[in-house]
Amino acid sequence: METIIADMRDGLDAGLLERAGEIIAAGGLVAFPTETVYGLGANALDENAAAKIYGAKGRPSDNPLIVHIARMEDLYRIAAKVPEKAEALAKAFWPGPLTMIFPKADCVPYTTTGGLPTVAVRMPDHEIALELIKAGGGYIAAPSANTSGRPSPTEAKHVAEDMNGKIEMIIDGGSVGIGVESTIVDMSGETPMILRPGYINQKMLEQVIGPVVMDPALFEAAPNVRPKAPGMKYRHYAPKAEMLIVEGKEKDVISYINDRICRELAEGKMPGIIASEETKDRYAGGIVKSMGSRTDELSISRHLYGVLREFDAQKVSRIYSEAFDTPTIGQAIMNRLVKAAGHQMIHI
Ligand code: TXA
Ligand code: MG
C-alpha cells in the first residue's frame, strides 16, 4: 500500500485531518505525533482495526494497547470503574504523559487489551493527536509506531523507516517534546502502582494522591519477577549493537570508556559512545554522540531513541553509554537505557 505522508510541521491541515479521521473510522492505520513518542493509531473499539496494529508492528498479541482519548467524559464509556484518585490525577496531568489502567467496559474488545480485563487510557498533550482522536470517533488505540523491538520513534522519519508501505498515513508533526513513553499507573488495585516510569514521576503523583508504589519488577536485574505491564517484559528498545552502561564519577567513566575504545580501535572495530555536551570532546575516538547538556533533561530524553537508531544505521561494533540519572525524568531515561543494554551496566 502507498503510505500518505501528511506534513503538519507548520500547523494543522484540516483537509488532511479529515482524511485521517476517515481512515481511522474505516478501520485503517494512521501514525501520529504525541508529546512522548509517535503512536500507531487505529479505532480502539473495532477489534479488526486493533488487530492490524499487531500485524504492522510484529507485536505479540498478549501485549495490550493504550487507548487515547481527547475528552474527559469519554473515559467513563471505556472504563468500568474510575476511582476518585484517578480523577484527581487526570485533573492534574491530562492532557499529558500519563496513562492509567482501569477495569475495562464491555465495549472495549479484548484484542485492544491483549486479552486483559483492564484497559490503559491516556489523553495526550498534542494538538494533532487530540484533533485526530476527535476526527476518528473518540477512541484511538496506539502503541509506539515502531516495529516491535526497535527504539520508539521520536520523529516522523523514524516511523517511515519502520512503517512505510504497511499503513495508510503518517502525520508528520516534527520532533516530539519528551521522547520517552508515558508513565503508566495501575489504578485498578488498592494502592496505585507505577508499571512504567515516564516524565510524570512518583513524587509528582504522590503530591496529588498520596502513596504510590513502583512495580517491584522494575528493579529486577534479571527479570524473573513478572512485570504487570506485559510490554515491559520484552527486550524492548534494543539497538542492534551490544551496549554497556558505565556509571560512576565523570572522570572515572571517561577513562574506563577511553580504555575500552582504544582496545576496540586497535582491533579494527568502530565503537559508539553516548555522551553529553559536557563530556563529548573527552573521548579518544569512535563515533561520539551527545544527547545534550546534563542541565537540560528534556534534551537528553528527547534524543535517546534517535541516537540509538543512528547507531543502528552506522553499524557500530559496540555502544558505551554514560548513565543519565537526571532529577525528574532520570528514572525513565535509565529504565529505557538499561533495557536497551539488556541490563549490562557496570559501576566504577
Ligand atoms: O507515551 C506513550 O504511552 C506512547 C504514545 C504513543 O502514547 N504509547 C506507548 O504504547 O508507549 P506502547 O504500546 O509502546 O506501550 C504500552 C504499554 C505496554 O508496556 C503495555 O504492556 C502496557 O502499556 N499496557 C497496556 N495496557 C495495559 C493493561 N491493561 N495492563 C497493564 N499494562 C498495560
Ligand atoms: Mg512501545
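Thresholds applied
- Residues numbered from 1 in each chain as written.
- Chains lettered and ligands numbered in written order.
- Predicted model: local features only at pLDDT ≥ 70, side-chain atom pairs only at ≥ 80, totals over all residues.
- Heavy atoms only, no water.
- Helix = DSSP H or I, 4+ residues; strand = E, 2+ residues; numbered from the N terminus.
- Rg over C-alpha atoms; globule rule 2.2 N^0.38 Å.
- Buried < 20%, exposed > 50% of the residue type's maximum accessible area, 1.4 Å probe, protein only.
- Contact = heavy atoms within 4.5 Å.
- Areas by Shrake-Rupley, 256 points an atom, 1.4 Å probe, with all protein chains shown as cover.
- Lys, Arg positive; Asp, Glu negative; His and termini not counted.
- Charge placed at Lys NZ, Arg CZ, Asp CG, Glu CD.
- Polar contact = N/O pair within 3.5 Å; in protein donor to acceptor, adjacent residues only side chain to side chain.
- Pairing = 2+ DSSP bridges.
- Axes fitted to C-alpha atoms, helices over the stretch in contact; angles between N-to-C directions.
- Salt bridge = Lys/Arg side-chain N within 4 Å of Asp/Glu carboxyl O.
- Near = heavy atom within 4 Å.
- Phe/Tyr/Trp six-rings, centres within 6.5 Å; stacked < 30°, edge-to-face > 60°.
- Lys NZ or Arg CZ within 6 Å of the ring centre and 35° of its normal.
- Parallel < 35°, antiparallel > 145°, perpendicular 65-115°, else oblique.
- Left-handed = near helix turned anticlockwise from the far one by under 90°.
- Nonpolar A, V, L, I, M, F, W, Y, C, P; charged D, E, K, R; others polar.

Visitor: Please clarify how the overall build of the protein should be interpreted in this entry.
Guide: Regarding its fold elements, the protein presents 10 helices and 16 strands. Relative to the globule expectation of 20 Å for 348 residues, the C-alpha radius of gyration of the protein, 20 Å, shows essentially globular dimensions. In terms of overall dimensions, the protein has C-alpha extents of about 60 × 50 × 35 Å along its principal axes. Across the 348 residues in the protein, those meeting the buried criterion constitute 57%. A separation of at least 24 residues holds for 68% of the contacts in the protein among residues at least 6 apart in sequence. Per element, the accessible surface of the protein, about 14,200 Å² overall, is 50% carbon and sulfur. For the protein, the centre of its 38 positive side-chain charges and the centre of its 45 negative side-chain charges are spaced 5 Å apart.

Visitor: When you look at helix α2 (residues 47-57) in this model, what are you seeing that I'm missing?
Guide: Listing the buried residues of α2 in full gives Ala 49, Ala 50, Ile 53, Tyr 54, Ala 56 and Lys 57. Residues of α2 that are buried make contact with β3 (39-43), β7 (140-141) and α6 (156-163). N-capping of α2 is provided by Asp 46, with a side-chain oxygen placed 3.0 Å from the backbone N of Asn 48. Phi for Gly 58, located one or two positions after α2, is positive at around 70°.

Visitor: Explanation requested: the sheet that holds strand β11 (residues 213-214) in the structure shown.
Guide: Sheet strands line up and pair through hydrogen bonds in the backbone, either parallel or antiparallel. Across the sheet, which stays open at both edges, the 11 strands sit in the order β1-β8-β2-β3-β7-β4-β6-β5-β9-β10-β11 with mixed pairing between neighbours. The open sheet terminates on both sides in strands that have one partner only, identified here as β1 (4-7) and β11. For strand β2 (residues 30-32) and β3, the ladder comprises three bridges, and the chain directions are antiparallel. Residue pairing across strands places Phe 32 opposite Gly 39, the latter belonging to β3. Against the sheet, α2 touches β3 and β7, its axis set at about 150° to β3.

Visitor: Sorry, what's going on with the pattern of salt bridges here?
Guide: Pairs may arise between side chains of opposite charge once their charged atoms sit close together. In total, this model carries 21 salt bridges according to the counting rule given. For Arg 71, the salt bridge goes to Asp 74, with nearest N and O atoms at 3.0 Å. Take Asp 74: its relative accessible area is 10%, and that puts it in the buried class. With its nearest N and O atoms 2.9 Å apart, the salt bridge here joins Lys 280 to Glu 277. Looking at Lys 280, the relative accessible area reads 30%, which means it is partly exposed.

Visitor: Help me understand the site of ligand 1 in this model?
Guide: For ligand 1, the set of nearby residues contains 27 residues, the closest of which are Thr 36, Arg 59, His 68, Ser 182 and Gly 231. Between ligand 1 and Arg 59, the relevant distance is 2.8 Å, taken from an oxygen atom to a side-chain nitrogen or oxygen of the residue. Within the complex, the protein chains bury 98% of what would otherwise be the 680 Å² of accessible surface of ligand 1. Breaking the shell around ligand 1 down by element, the ones donating at least two residues are β4 (66-68), β6 (118-122) and β10 (193-196).

Visitor: Got a minute to help me understand the environment of Glu 310 in this structure?
Guide: Following the sequence through the fold, Glu 310 ends up in helix α9 (residues 297-314). Owing to a relative accessible area of 42%, Glu 310 belongs among the partly exposed residues under this scheme. As for Glu 310 and Pro 239, which are separated by 71 residues in sequence, their C-alpha atoms are 9.4 Å apart.

Visitor: Mind showing me how you'd approach the packing of aromatic side chains here?
Guide: Each aromatic ring pair is specified by the distance between its two centres and by the angle formed by the two planes. The tally for this structure, following the rule as stated, stands at zero aromatic pairs. One Lys or Arg, Lys 289, reaches over the ring of Phe 311 and ends 5.2 Å from the middle of that ring.

Visitor: For this particular structure, what's the right way to read the packing of α9 against helix α10 (residues 330-340)?
Guide: Viewed as axis vectors pointing N to C, α9 and α10 meet at an angle of 15°, and their least axial separation amounts to 10 Å. By the angle between their axes, α9 is roughly parallel relative to α10. In this structure, the crossing between α9 and α10 has a hand that is left-handed. Residues Glu 297, Ile 300, Ser 301, Leu 304, Tyr 305 and Leu 308 of α9 lie in contact with α10, whose contacting residues are Gly 330, Ile 333, Arg 336, Leu 337 and Ala 340. Among the residues forming the contact of α9 with α10, the class breakdown is seven nonpolar, two polar and two charged.

Visitor: So what exactly am I meant to see when it comes to the side chain of Glu 181 here?
Guide: Position of Glu 181 relative to the elements: it lies in the loop between β8 (169-172) and β9 (183-186). A distance of 2.9 Å separates a polar atom in the side chain of Glu 181 from a polar atom in the side chain of Tyr 305. Within the structure, the side chain of Glu 181 is placed 2.9 Å from the side chain of Arg 336, a separation counted as a polar contact.

Bear in mind that shape data such as this cannot, by itself, settle questions of function.
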